[in-house]
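For reference, the chains in residue letters:
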Amino acid sequence: MSQQGGAAADNGVSPGNVPVCYYGGAGRVPAAMERRVRAAELFLRCAACGLAVLAAALLGADRQTRIIFTVQKEARFTDMQSLVFLVVANGMAACYSLLQGARCMVSILTGGVLISRPMAWAIFSCDQVMAYFTISAVAVAMEAAMIGKYGNMQFQWMKTCHLYKRFCAQAGGAVACAVAVSLNMVCISLVSAFNLFRLYGSGKGRK
């Protein structure tokens, strides 16, 4: 009996008292780890959605009016293309995270397991694109924020944040939320990479 158990362990087969999630013949993952991965993915996607909505809302509602040399000037996020790009990127990230979060919730409630390699590749690719997209939007917005804060003497661009302090402070909060969104998307892409490459596993199961 012990020899049979040892042979089963050598073949990578879990004993009957250990719950295991199977992914075809290529690999197997403990059920406890599967639950943790699903919970982590759902949390990250929900956090990314909430932070993206917050960043877009902060920028969309960011306005400040000043009178400069008898001329009334209103600062809005639409005055800077980099901030417009950041709003669009966070809006897309929020919608995408909402859809993927709903998929994760359905998977948790139904107990389904992602076993389709094409679907796993599609999710992994989309997560990678969204991660790069949000990072690029944050990079452009941060560069514009630094110019607004400190100016650029070489190009004779004057700093403007001392004139629109409230506008810059709220925009800075939105950029901070966008940074958190990009970090969440990077973590999500790592989770989707794990979900993808574990489908390939070892070739012993197929043989």
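Every chain's residues receive numbers from 1 upward, in the order its sequence appears when written. At least 70 in pLDDT is required for a residue's local features to be given in this predicted model, at least 80 for side-chain atom pairs to be given and counted, and no such filter applies to totals for whole chains, interfaces and linings, which use all residues. By convention in this description, side-chain values take in all heavy atoms of the structure and omit both hydrogens and water.

### Some remarks on the overall build of the protein chain
Here is the rule we go by: Each helix is a run of H or I in the DSSP string that is no shorter than four residues. Each strand is a run of E no shorter than two, and both are numbered from the N terminus. Only protein chains enter the accessibility calculation, which uses a 1.4 Å probe. A residue is then buried if its area is under 20% of the maximum for its type, exposed if over 50%, and partly exposed in between. We call two residues in contact when some of their heavy atoms are within 4.5 Å.
When you go through the protein chain residue by residue, the secondary structure sums to five helices and four strands. Ordering the α and β elements of the protein chain from the N terminus gives α-β-β-α-β-β-α-α-α. Counting the 207 residues in the protein chain, one finds 35% classified as buried. Contacts in the protein chain between residues far apart in sequence, at least 24 positions, make up 75% of those at least 6 positions apart.

### Observations regarding the environment of proline 118
Along the polypeptide, proline 118 turns up in helix α4 (residues 117-150). Put simply, proline 118 and leucine 196 are 78 residues apart on the chain and 9.3 Å apart in space, counted from C-alpha to C-alpha.

### Considerations on the pattern of salt bridges
Here is the rule we go by: Counted as salt bridges are all cases of a side-chain nitrogen of Lys or Arg within 4 Å of a carboxyl oxygen of Asp or Glu.
Counted according to the given criterion, the structure contains three salt bridges. The shortest N-O distance in the salt bridge between glutamate 41 and arginine 103 comes to 2.9 Å. Remark: arginine 103 occurs in helix α3 (residues 81-110) and glutamate 41 occurs in helix α2 (residues 31-60); sequence separation between them is 62 residues. Here glutamate 41 falls in the buried class, since its relative accessible area comes to 8%.

### Focus: the packing of α3 against α4
Applied cut-off: Each axis is a line fitted through C-alpha atoms, and for a helix only the stretch in contact is used; angles between axes span 0 to 180 degrees, taken between their N-to-C directions. Roughly parallel here means an angle under 35 degrees, roughly antiparallel means over 145, roughly perpendicular means 65 to 115, and every remaining angle is called oblique. In a left-handed crossing the near helix is turned counterclockwise from the far helix by less than a right angle, and in a right-handed crossing that turn is clockwise. Residue type decides the class: Asp, Glu, Lys and Arg count as charged, Ala, Val, Leu, Ile, Met, Phe, Trp, Tyr, Cys and Pro as nonpolar, and the leftover types, Gly among them, as polar.
Where α3 contacts α4, the axes come no closer than 9 Å and their chain directions differ by 155°. When the axes of α3 and α4 are compared, the pair comes out roughly antiparallel. Crossing handedness for the pair α3 and α4: left-handed. Where α3 approaches α4, its residues Ser82, Leu83, Phe85, Leu86, Ala89, Met92, Ala93, Tyr96, Gln100 and Arg103 are matched on the opposing element by Ile123, Cys126, Asp127, Met130, Phe133, Thr134, Ser136, Ala137, Val138, Val140, Ala141 and Ala144. Split by residue class, the contact of α3 with α4 holds 16 nonpolar, four polar and two charged.

### Structural notes on the UniProt feature "transmembrane region" (unreviewed entry) in the protein chain
Just so we agree on the cut-off: UniProt positions are given in the numbering used here, feature names are shortened, and annotations may be inferred rather than shown by experiment.
In this numbering, the UniProt entry assigns the feature "transmembrane region" (unreviewed entry) to residues 42-60, 80-99, 106-124, 130-150 and 171-197. Across residues 130-150, the secondary structure splits into 100% helix and 0% strand, with the terminal C-alpha atoms separated by 30 Å. Split by type, residues 171-197 is 100% helix and 0% strand. Its first and last C-alpha atoms lie 39 Å apart.

### With respect to the packing of α4 against helix α5 (residues 165-197)
Axis separation between α4 and α5 bottoms out at 8 Å; the angle between their running directions is 160°. In this view, α4 runs roughly antiparallel relative to α5, as classed from their interaxial angle. In this structure, α4 meets α5 at a crossing whose hand is left-handed. Residue composition of the contact of α4 with α5, grouped by class: 20 nonpolar, five polar and two charged.

### A word on the nonpolar core
Cut-off, in case you're wondering: To qualify as a nonpolar core, a set must consist of buried Ala, Val, Leu, Ile, Met, Phe, Trp, Tyr and Cys residues joined through side-chain atoms within 4.5 Å.
One finds Leu59, Phe77, Leu83, Leu86, Val87, Ala141 and Phe167 to be the most contacted residues of the largest nonpolar core, which totals 19 residues. At the level of secondary structure, the elements contributing two or more residues to this core comprise α2, α3, α4 and α5. Among the elements that line this core, the one with the most residues is α5, at six residues. Beyond its immediate sequence surroundings of up to four residues, phenylalanine 77 is in contact with Leu59, Gly60, Asp62, Leu83, Val84, Val87 and Phe167. Counting residues in each nonpolar core, the second largest holds 14 residues, with Val37, Ala48, Met130 and Val191 among its members.

### Some remarks on the confidence of the model for the protein chain
Defined as follows: As a per-residue measure, pLDDT reflects the predictor's confidence and takes values from 0 up to 100.
Confidence along the protein chain averages 79 in pLDDT terms, with 78% of residues attaining 70 or more. Residue range residues 1-20 is modelled with pLDDT below 50. Its contacts to residues more than four positions away, or to other chains, number ten contacts. Overall, residues 22-27 carries pLDDT values under 50, and its contacts beyond four positions in sequence, including any with other chains, amount to 21 contacts.

### Some thoughts on the side chain of asparagine 195
Structurally, asparagine 195 can be placed in helix α5. Among the residues examined, asparagine 195 registers a relative accessible area of 9% and is labelled buried.

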